[in-house]
Amino acid sequence: MNTATTTTTVPMSTTPARPWLTGVIIWALLLSAPIWLPMLGGYTALAGRVLVLGLAAMSFNLLLGFTGVMSFGHAAYFGLGAYGAGLTLKYLAASTPLAILGGVLLGGGLGTLFGLLISQRRGVYFAMVTVAFGQIAFYITYSWDSLTGGYDGLRGFARAPLNLGFTTIDITNNSTAFYYFLLIVFGVVTGLQALLLASPFGRTLVAIRENERRARFLGIPIERHIWMSFSISCCFTALAGAMYALLNNFADPMGLHYSLSGEIVIMTVMGGMRAFWGPLIGAALFVVLQDYISSMTVNWMSFVGMIFVLVVLFFPRGLLGMLQRGVGK
Amino acid sequence: MLQLVLFNVTNGLIIGAFYVLMALGLSLILNLSNVINFAHGNFLALGGYIAYILVPFLGFWGALIVAPLITAVFGFVIERLMIRRVYTRDPVYSLLLTFGLAFIMQDACRYIWGPNGLPMTIPDSLSTPLSADLFFITWYRIFMVAIVITAVTGLFAFLRFTRVGIRIRAGTLDLDTVAALGVNVGMLRSMNFAVGSLLAGLAGVLAAGQVGLNPNMGDDLLMPSFIAIIVGGVGSLTGTLCGGLLIGVAGALTTVVWPAASEAVIYVIMLVVLVLRPRGLMGQEGMMS
Amino acid sequence: MSMLDVRNVTKQFGSLVAVDGVSMQVAAGELRAIIGPNGAGKTTFFNMISGFFAPTAGDIVFDGTTVTKLAVTERVAMGMARTFQITEIFPELTVRENIRVGVESALGLRQKFWLTAAHKAQVNRGIDEALTLTNLTASADRYVGELSHGDQRAAEIATALTLKPRLLLLDEPTAGMGEHETFAVANLIRRLHRNSAYTIVLIEHDMRVVFNLADKITVLGEGKMLAEGTPAEIAANPVVQAAYLGSAE
């Protein structure tokens, strides 16, 4: 189906004129957020949410933007990551690193398994099956009352102080310390993602996005690479979910629902799915807008829906996509 | 015990009938336009609410006919105004568009008619049970099944015998060729979307008579409809029909033995089908890719 | 022994027989052209050789191994590469990146998360080689989607060459090109054949290109093989003249 013979279209530039500039600005803003955010009336937890959802969207974008396949059920792996972390803290060990590991194993593991069943599918059918799989995870989580707390969500756990051997960092009560902990994790993961995309493996994924037929005739086993990409994306998304559980000391079944999947997609597209930092920008815009709108009106759903429609109809390239085109050409 | 089984089988058939109406509409749009309509459940709700407005003026029977038609017109307009703009783009955009539309439509229903459930009156003749032994089967349930059978038969006849229907089927197989024959593909897609909306609207009226109205009434049907399509096989309307009935009845029968698992069984069926027969029960080879 | 030995292949689509019992042997180092009017089954024939789909009957033997039922990627690993009638490239990548994907795939590095210095050097050598061979060094860092039709075709051939193919299949390499571009692509093919000794099978509509380049020509018509021979033999063949050349002019 995918012939991708868009040889006559003028390609959009995939790298900005000064690729490092966006990164520098973003890191400067993130590092100083606890200073400037309160001045604008924001709060550190909001920054934490941006970071976590931004991480989820960037992980999701490994698939959408860089492999060219469209998962519409990524909330499942995010939510499973959150439950994995929560359950680890509640029942296994009071250790923040172990909680993160538990989340990644649960979300990434199930994602890897599901990925086996869908790597042959493309386009909207890929999306449809991923939505359905996401709902399986949602369904199991809310029906398994005794373990997960059902509709009320999982409570009764709290992130544990970080024990580094020589010293212990209190990230439980100090929200700024926790923010910087989040930021370090975010930095490590996005660093890994950048390395991945610059590697031969990352180029192979982009090749699949660009032209599946050509890639296959260069000897690339498409299905296996899509599966690997899906699995990696799910692991990172689950990690973001685990951080979300740590941020709130709570895991919510709505964190697995497909409406969050849709929100992850719109964040990605809004920020620019062909740009590395696009999903983070999109997440920041979306989270702040949603926060603002839901404090203003009970009809926030309409406004969120309007964001979807407006982005699709008028800003399909996303913010960074538009900026880069402006600068690059 | 027999009564319980019978009760659940009829229940399953009725639920299955709703899945079928929803899924057939979704399937039509998916096959011809390559769009997953996430707002399909909201078209269902819209059909119900329109009927709710019309009943005082036209009576139940009038509303049953007119409300789906108005829903179809609404679908036609939405397709013309918005959805057609994204056909040539990456499919992610059409999904996001219908996703946003679902949010807006649901919120609009809540804004206009309130968040709480509203009852819809149905004629007395339909609300009586069949007999004392079969007290759990009202005439309305029989009536619903009859209407769904009529609608599905009508749809298949429409696709087989009318010019537009034949073009829709041909376009599903090879849109380029249909376009090359001089058919206005844009208009064909709009009409096809309208037919899909009509089915959703009809399901909405029927559902409103059975369980009343609320803004989320279509939500619970959306996911099973996706599964009906996946199970039946993408690209095959007959498959969608069988898929919908299968998961409806399977869910209801499971209620007899293990009520808690009645929803799970739908997902299990999907997984089993995907593992054993990835293209679905009646799907064509390669249609899923 | 021949590099490619196609034995009596048939392809049916439903009731339509697109290719009907065609055989063809291509020797190592040969440049074979396949010609025939539209609907003769040339592309179907090509698709069976390259593994796009399997034949209904018959066998395809590549360098001594039967590949009839092997997947595309397996045939590529054995040394088959192809280009398409409508150029298939990675339009939003630069020429260099397009070629790099091929080189890394051919060297078995496509799943690596990092490269050693030795591998990096090897990859860069491969890229430069393909660039030089196809005269694309000057436009190496431009996006392929921005190039002219002829250069896009050259880039596609360059990516195919990274596989160091023992058999290069070109489906209408000059399709849709003007005089100048056709000449450039034909020259490229000639260089690959004469200087680098590639074994090439190509489908081509432009008879000047065919008769200038080919060692041997296979003529298909309505799914069957009409004739086979050197350009001189084909030009003189009355069956071909009647069935094909006559109708084309």
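Each value, and the rule that gives it
- Residues numbered from 1 in each chain as written.
- Chains lettered and ligands numbered in written order.
- Predicted model: local features only at pLDDT ≥ 70, side-chain atom pairs only at ≥ 80, totals over all residues.
- Helix = DSSP H or I, 4+ residues; strand = E, 2+ residues; numbered from the N terminus.
- Rg over C-alpha atoms; globule rule 2.2 N^0.38 Å.
- Buried ≥ 20, exposed ≤ 12 C-beta atoms within 10 Å, placed from the backbone.
- Contact = placed C-beta atoms within 7 Å.
- Nonpolar A, V, L, I, M, F, W, Y, C, P; charged D, E, K, R; others polar.
- Pairing = 2+ DSSP bridges.
- Axes fitted to C-alpha atoms, helices over the stretch in contact; angles between N-to-C directions.
- Domains from an automatic or database assignment.
- Parallel < 35°, antiparallel > 145°, perpendicular 65-115°, else oblique.
- Left-handed = near helix turned anticlockwise from the far one by under 90°.
- Right-handed = clockwise from strand over helix to strand, strands pointing away.
- Core = buried A, V, L, I, M, F, W, Y, C linked by C-beta atoms within 7 Å.
- pLDDT = per-residue confidence, 0-100.

(A) Expanded view of the overall build of chain B. The number of helices and strands found in chain B is eleven helices and zero strands. The helix and strand sequence of chain B, counted from the amino end, reads α-α-α-α-α-α-α-α-α-α-α. Radius of gyration (C-alpha) of chain B: 19 Å, near the 19 Å computed for a compact globule of 289 residues. If you line up chain B on its principal axes, its C-alpha atoms span 60 × 50 × 35 Å. Here chain B holds 289 residues, and 49% of them are scored as buried. Long-range pairs, those at least 24 residues apart, make up 74% of the contacts in chain B between residues at least 6 apart in sequence.

(B) Structural detail: the overall build of chain C. A tally of helices and strands in chain C yields nine helices and ten strands. The C-alpha radius of gyration of chain C comes to 18 Å, within 12% of the 18 Å expected for a compact globule of 249 residues. Taken over the C-alpha atoms alone, chain C extends approximately 60 × 40 × 35 Å along its principal axes. Scored against the burial criterion, the 249 residues of chain C give a buried share of 49%. Intrachain contacts of chain C at a sequence separation of at least 6 include 66% that bridge at least 24 residues.

(C) Local environment of the interface of chain A and chain C. Between chain A and chain C, the contact holds 26 residues from the first and 33 residues from the second. Contributions of two or more residues to the side of chain A that touches chain C are made by α8 (200-210) and α9 (212-216) of chain A. Take the side of chain A that touches chain C: its biggest share by element is seven residues, from α8(A). A class-by-class count of the residues in the side of chain A that touches chain C yields twelve nonpolar, nine polar and five charged.

(D) Local environment of the interface of chain A and chain B. Residue-level contacts link 34 residues of chain A with 36 residues of chain B. Residue assignment for the side of chain A that touches chain B shows that the elements contributing at least two residues are α5 (123-143), α11 (258-271) and α13 (300-314) of chain A. It is α5(A) that contributes the most residues to the side of chain A that touches chain B, eleven residues altogether.

(E) Region of the structure containing the sheet that holds strand β3 (residues 31-35) of chain C. Residue and element names in this part refer to chain C. Pairing is mixed across the open sheet formed by six strands, whose spatial order is β6-β7-β8-β3-β9-β10. Here the strands that pair on one side only, and so sit at the sheet edges, are β6 (80-83) and β10 (224-229). The mean inter-strand angle of the sheet, taken between neighbouring strand axes irrespective of direction, is 15 degrees. Examined bridge by bridge, β3 and strand β8 (residues 200-203) share four bridges and lie parallel to one another. Bridge pairing in β8 places leucine 31 opposite isoleucine 200.

(F) Examining the domain arrangement of chain C more closely. Residue and element names in this part refer to chain C. Assigned domains within chain C: domain 1 (1-79 + 165-249) and domain 2 (90-164). Here the C-alpha centroids of domain 1 and domain 2 sit 26 Å apart. Counting residues at the interface gives ten residues for domain 1, matched by ten residues for domain 2. Per-element accounting of the side of domain 1 that touches domain 2 gives the leading share, four residues, to helix α6 (residues 179-194). Taken together, the residues of the side of domain 1 that touches domain 2 break down into eight nonpolar, one polar and one charged.

(G) Looking closely at the pairing of strand β2 (residues 16-26) of chain C. All names here are of chain C. Of the pairings in the sheet, the one linking strand β1 (residues 4-13) to β2 comprises seven bridges and is antiparallel in character. What sits directly across from aspartate 5, in β2, is glutamine 25. From the end of β1 to the start of β2, which pair antiparallel, there are two residues, and glycine 14 there has a positive phi angle of about 60 degrees.

(H) Summary view of the packing of α11(A) against helix α3 (residues 91-113) of chain B. Where α11(A) meets α3(B), the closest approach of the two axes is 11 Å, and the angle between their N-to-C directions is 125 degrees. Looking at the two axes, α11(A) sits oblique to α3(B). For the pair α11(A) and α3(B), the sense of crossing is left-handed. When α11(A) is examined against α3(B), the residues A:Gly262, A:Val265, A:Ile266 and A:Val269 are found in contact with a partner set consisting of B:Val92, B:Leu96 and B:Phe99. Partitioning the contact of α11(A) with α3(B) into residue classes produces six nonpolar, one polar and no charged.

(I) Spatial organisation of the packing of helix α1 (residues 2-33) of chain B against helix α10 (residues 237-257) of chain B. Residues and elements named next belong to chain B. The geometry of α1 relative to α10 is characterised by a closest axis approach of 7 Å and an angle of 150 degrees between their N-to-C directions. Here α10 runs roughly antiparallel to α1, going by the angle between their axes. The element α1 and its partner α10 pack so that their crossing is right-handed. Taken together, the residues of the contact of α1 with α10 break down into 17 nonpolar, eleven polar and no charged.

(J) Just the pairing of strand β7 (residues 167-171) of chain C, in detail. All names here are of chain C. Most of β7 sits inside the fold, with five of its five residues counted as buried. Looking at chain direction, β6 and β7 are connected through four bridges and run parallel. Within β7, the residue paired with threonine 83 across the bridge is leucine 170. Read from β7 through α6 to β8, the crossover connection turns out right-handed.

(K) Broad picture of the nonpolar core. Formed by 267 residues in total, the largest nonpolar core has its most connected members in A:Ala132, A:Ala242, B:Leu21 and B:Leu96. Split by domain, the residues of this core number at least three in each of domain 1 (1-79 + 165-249) and domain 2 (90-164) of chain C. Excluding residues that lie within four positions of it along the chain, B:Leu96 makes contacts with A:Val265, A:Ile266, A:Val269, A:Phe308 and A:Val312.

(L) Quick look at the environment of B:Gln106. Within the secondary structure, B:Gln106 is located in helix α3. Exposure remark for B:Gln106: the 23 C-beta atoms within 10 Å place this residue in the buried category. As a C-alpha pair, B:Gln106 and B:Leu276 span 170 residues in sequence and 37 Å in three-dimensional space. Setting aside residues no more than four positions away along its own chain, B:Gln106 makes contact with A:Met301, B:Asn42, B:Pro215 and B:Asn216.

(M) The arrangement of the sheet that holds strand β4 (residues 57-62) of chain C in detail. Residue and element names in this part refer to chain C. Within the open sheet, the four strands sit side by side as β2-β1-β4-β5. Their pairing is antiparallel. Across the chains shown, the open sheet's two edge strands, defined by having one partner strand only, are β2 and β5 (65-66). Looking at chain direction, β4 and β5 are connected through two bridges and run antiparallel. Looking at β5, one finds that phenylalanine 62 is bridged to threonine 65.

(N) Focus on α8(A). For α8(A), the buried fraction is high: ten of the eleven residues fall into the buried class. Taken as a whole, α8(A) has its buried residues at A:Pro200, A:Phe201, A:Arg203, A:Thr204, A:Leu205, A:Val206, A:Ala207, A:Ile208, A:Arg209 and A:Glu210.

(O) A look at the confidence of the model for chain B. For chain B, the mean per-residue pLDDT works out to 88, and 98% of the residues sit at or above 70. Per-residue pLDDT, averaged within each element of chain B, yields its smallest value for helix α4 (residues 124-127) of chain B (76) and its largest for helix α2 (residues 40-81) of chain B (94).

(P) Representation of the confidence of the model for chain C in the model. Per-residue pLDDT for chain C averages 89, and the proportion of residues at 70 or more is 97%. For this predicted complex, the interface score ipTM comes out at 0.88, while the overall pTM is 0.89.

(Q) Representation of unusual backbone geometry within the structure. At B:Asn34, a position not held by glycine, the phi torsion is positive, near 60 degrees. Position of B:Asn34 relative to the elements: it lies in the loop between α1 and α2. Looking at B:Asn34, the number of C-beta atoms within 10 Å reads 16, which means it is partly exposed. Of note in the backbone geometry, C:Glu172 takes a positive phi value of approximately 45 degrees without being a glycine. Considering the arrangement of structural elements, one finds C:Glu172 in the loop between β7 and α6.

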